[in-house]
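Chains, contacts and geometry: an overview
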Amino acid sequence: LAISSGKGGVGKSTVAANLAVALAQMGLRVGLMDADVYGPNIPRMFGVFEKPPVIGGKIQPIEAHGVKLMSLGFLIDRDAPAIWRGPIIMKITQQFLRDVAWGELDYFIVDLPPGTGDVALSLSQTVPVSGAVVVTTPQTVSLADTRRAVRMYQKLNVPMLGLVENMSHFVCPGCQMESDIFGKGGGETLARDLSLPFIGRIPIYEPIRVGGDTGVPITIGESQSPAARAFRSAAEQLAAQLSIASYKRPIPLTPVS
């Protein structure tokens, strides 16, 4: 499953991390590959930074919160910039797919870089992608970029499983009033315009940010909060849409190993 966004700053990695944990909490075997090589944030979001061991020529993924993880952030200095051209990025992506001992998984989630660049193309050409989810925020500038990302996957013949609207609204902790800081309903309207499923809306909630900074995703740290329930609902919708997409277009069930 490809988790993507048309632009940076919409919380794509946060959504990918919490969807992965939510699926793992459902008893599923989940792997999460951080393909956002220019900004590998998954190690911090899961609170793990050690280098993965190599056994029998295969890199062993790091496991945290029930999810198997691999990221360039495990392999390079935390503050080192990835100043690489497209071919090197594509080679790293392919190595993470082929040289990591993922084992048998029910869901293999790939957190892609924002935009419509080399990694998404490389992924679609290297392995059968069951579907893509695009993360957006409600404001117009994000929606325009989201539309372009959706068109890219359609051109690559990757099934679009739907849209997730992140930073959907803010609930005042004192008065419980909702404020639509970035607009209202933009993601759902775009999904309707593009005839795509709407996977769910995630609120602005400070502990989501705190959890990402401290390595405890909100689905773990405040598992009964409205935000965590929103992520679990989105994970359930994602699983349902994947089942529908697989029924319409059977996907070869080749395990990543």
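Note: the structure precedes this text.
Just so it is clear, the structure is predicted and the values come from calculations on it, not from any experiment.

The next thing to look at is the pairing of strand 9 (residues 160–165). For strand 9, the tally of buried residues reaches 6 of 6 residues, placing the bulk of the element in the interior. Here strand 8 (residues 132–136) runs beside strand 9; their pairing, made up of 5 bridges, is parallel. Bridge pairing in strand 9 places Ala-132 opposite Met-160. A crossover connection joins strand 8 to the parallel strand 9 through helix 5 (residues 140–155); in handedness this β-α-β unit is right-handed. Where strand 9 and strand 12 (residues 198–201) come together, 3 bridges link them in parallel fashion. What sits directly across from Glu-165, in strand 12, is Arg-201.

Looking at the element boundaries, Arg-232 is found in helix 9 (residues 226–248). Between the alpha carbons of Arg-232 and Trp-102 there is a distance of 24 Å; along the sequence they are 130 residues apart. Ignoring sequence-local partners within four residues, the contact set of Arg-232 consists of Ala-22, Gln-25, Ser-223 and Gln-224. Here the side chain of Arg-232 touches Ser-223 through a polar contact of 2.6 Å, landing on its backbone oxygen.

Below, the discussion takes up the pattern of salt bridges. For the coordinates displayed, the defined rule picks out 9 salt bridges. Here Glu-165 ties to Arg-201 by a salt bridge, and the two come within 4.0 Å at their closest N and O atoms. One end of the pair, Glu-165, is in strand 9; the other, Arg-201, is in strand 12, and 36 residues separate them in sequence. With a relative accessible area of 0%, Glu-165 lands in the buried category. Arg-209 is paired through a salt bridge with Glu-206; the nearest N and O atoms lie 3.2 Å apart. Here Glu-206 and Arg-209 lie together in helix 7 (residues 206–214), a separation of 3 residues that amounts to about one turn. Put simply, Lys-12, Asp-36 and Asp-111 are held in one network by salt bridges that share partners.

Conventions used here
Residues numbered from 1 in each chain as written. Predicted model: local features only at pLDDT ≥ 70, side-chain atom pairs only at ≥ 80, totals over all residues. Heavy atoms only, no water. Buried < 20%, exposed > 50% of the residue type's maximum accessible area, 1.4 Å probe, protein only. Helix = DSSP H or I, 4+ residues; strand = E, 2+ residues; numbered from the N terminus. Pairing = 2+ DSSP bridges. Right-handed = clockwise from strand over helix to strand, strands pointing away. Contact = heavy atoms within 4.5 Å. Polar contact = N/O pair within 3.5 Å; in protein donor to acceptor, adjacent residues only side chain to side chain. Salt bridge = Lys/Arg side-chain N within 4 Å of Asp/Glu carboxyl O.

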